[in-house]
Amino acid sequence: MVLKTFFQWFMVLGILACISGCTPRPAQTSLAPATGIILIDEHGRDVPLAPMIGEAPFTVVEFFSAHCPCQRMHDARLRELFEKYSPRGVKFLAIDSEDGASPERVAKEAHARNYPFPLLADPKGTSAQAFGAIISMYTVILDREGHIRYEGGLDSNRAHLSDSATFYVRDALDDLLAGREPRIKKGKALGCTLLH
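The rules behind each value
- Residues numbered from 1 in each chain as written.
- Predicted model: local features only at pLDDT ≥ 70, side-chain atom pairs only at ≥ 80, totals over all residues.
- Heavy atoms only, no water.
- Disulfide = S-S within 2.5 Å.
- Helix = DSSP H or I, 4+ residues; strand = E, 2+ residues; numbered from the N terminus.
- Buried < 20%, exposed > 50% of the residue type's maximum accessible area, 1.4 Å probe, protein only.
- Polar contact = N/O pair within 3.5 Å; in protein donor to acceptor, adjacent residues only side chain to side chain.
- Axes fitted to C-alpha atoms, helices over the stretch in contact; angles between N-to-C directions.
- Parallel < 35°, antiparallel > 145°, perpendicular 65-115°, else oblique.
- Left-handed = near helix turned anticlockwise from the far one by under 90°.
- Contact = heavy atoms within 4.5 Å.
- Nonpolar A, V, L, I, M, F, W, Y, C, P; charged D, E, K, R; others polar.
- Core = buried A, V, L, I, M, F, W, Y, C linked by side-chain atoms within 4.5 Å.
- Expected span 1.5 Å × (residues − 1).
- Bend = angle between axes of the 7 residues up to and from the residue.
- Pairing = 2+ DSSP bridges.

## Brief notes about the state of the cysteines
Here a disulfide denotes a covalent bond joining the sulfur atom of one cysteine to the sulfur atom of another.
Line of reasoning, step 1. Scanning the entire structure with this criterion turns up 1 disulfide.
Line of reasoning, step 2. In this model, Cys68 is linked to Cys192 through a disulfide, with the two sulfur atoms separated by 2.3 Å. Here the disulfide of Cys68 and Cys192 is right-handed, its torsion about the S-S bond being about 75 degrees. Here Cys68 is found in the loop between strand 3 (58–64) and helix 3 (69–85), whereas its partner Cys192 is found in the segment after helix 6 (168–177), with 124 residues between them in sequence. With respect to class, Cys68 is no different from Cys192; both count as buried.

## Here we look at the side chain of Asp143
Line of reasoning, step 1. With respect to the helices and strands, the residue Asp143 is situated in strand 6 (residues 139–143).
Line of reasoning, step 2. Among the polar contacts made by the side chain of Asp143, one reaches the main-chain amide nitrogen of His147 at a distance of 2.8 Å.

## What to know about the packing of helix 3 against helix 6
Line of reasoning, step 1. Relative orientation of the contacting elements helix 3 and helix 6 amounts to 15 degrees, with a least axis distance of 11 Å. By the angle between their axes, helix 3 is roughly parallel relative to helix 6. The two elements helix 3 and helix 6 cross, and the hand of that crossing is right-handed. Seen from helix 3, the contacting residues are Leu81, Lys84 and Tyr85; seen from helix 6, they are Val169, Arg170, Leu173, Asp174 and Leu177.
Line of reasoning, step 2. When its residues are assigned to classes, the contact of helix 3 with helix 6 shows 5 nonpolar, no polar and 3 charged.

## Here we look at the nonpolar core
Line of reasoning, step 1. Ranked by size, the top nonpolar core spans 31 residues in total, and within it Phe92, Ile141, Val169 and Leu173 carry the most contacts.
Line of reasoning, step 2. When residues of this core are traced back to their parent elements, those giving at least two are strand 3, helix 3, strand 4 (91–96), helix 4 (103–112), strand 5 (119–121) and helix 6.
Line of reasoning, step 3. In this structure, Leu173 is in contact with Val60, Tyr85, Val90, Phe92 and Ile141, ignoring residues within four places of it in sequence.
Line of reasoning, step 4. With 22 residues, the next largest nonpolar core counts Ala34, Ile37, Val61 and Ile148 among its residues.

## A few points about helix 3
Line of reasoning, step 1. Across its 17 residues, helix 3 extends 25 Å between first and last C-alpha, which sits within 8% of the 24 Å expected from 1.5 Å per residue.
Line of reasoning, step 2. Remark: the principal bend of helix 3, roughly 40 degrees, maps to Asp75.
Line of reasoning, step 3. Among the residues of helix 3, Cys70, Gln71, His74, Asp75, Arg77, Leu78, Leu81, Phe82 and Tyr85 are the ones counted as buried.
Line of reasoning, step 4. Those residues of helix 3 that are buried are in contact with strand 3, strand 4 and helix 6.

## Side note on the environment of Thr126
Line of reasoning, step 1. The residue Thr126 is located in helix 5 (residues 126–131) in this model.
Line of reasoning, step 2. By relative accessible area, which is 37% here, Thr126 ends up partly exposed.
Line of reasoning, step 3. C-alpha separation for the pair Thr126 and Pro33, spaced 93 residues apart in sequence, amounts to 9.5 Å.

## Here we look at the pairing of strand 6
Line of reasoning, step 1. Most of strand 6 sits inside the fold, with 5 of its 5 residues counted as buried.
Line of reasoning, step 2. Where burial is concerned, the two faces of strand 6 agree: the one with Thr139, Ile141 and Asp143 and the one with Val140 and Leu142 are both buried.
Line of reasoning, step 3. Relative to strand 7 (residues 148–152), strand 6 runs antiparallel, the two sharing 4 bridges. Bridge pairing in strand 7 places Leu142 opposite Ile148.
Line of reasoning, step 4. Linking strand 6 to strand 7, which pair antiparallel, is a turn of 4 residues; within it Gly146 sits at a positive phi near 90 degrees.

If you want it as structure tokens, here you go:
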């Protein structure tokens, strides 16, 4: 009887963990997430997040995972987004907030993946905690004041890319640059659990 009860509780906890990993968090409107976050570039220099956000009308921040096959599958889409929207003033950056994040690792990964935008290290995971990122490819779009205008996945694909996907970040950027609220403000994040 005790074993059966323990097993039932174990199953409930497992289901709750899956739901929390797959369900987007409520949108945050506070400036607080970016305040005080210091990232590290490939040369070991401190990079405060808040001033970077203030340099552009919108900043796309993607939480990166070196080990995740879903991340690798989406590298080309990230580069395409950069190529399409950076000429329109949108800033892009990725953050490695997993265990082992370091200047050396972000330099190696950014080069290997041919990223045209900064990949920054956050060894303590401060930024992931601040933005509620628990899944790789979790992405936020911030306005110049640091308000979250979109949060969730890059698109509705996980391991296999398709042209029929819902392109959450692309659509949100199109709406924001046109002066509209994003048609989808919270998209499902589909990736690997970030390792902390």
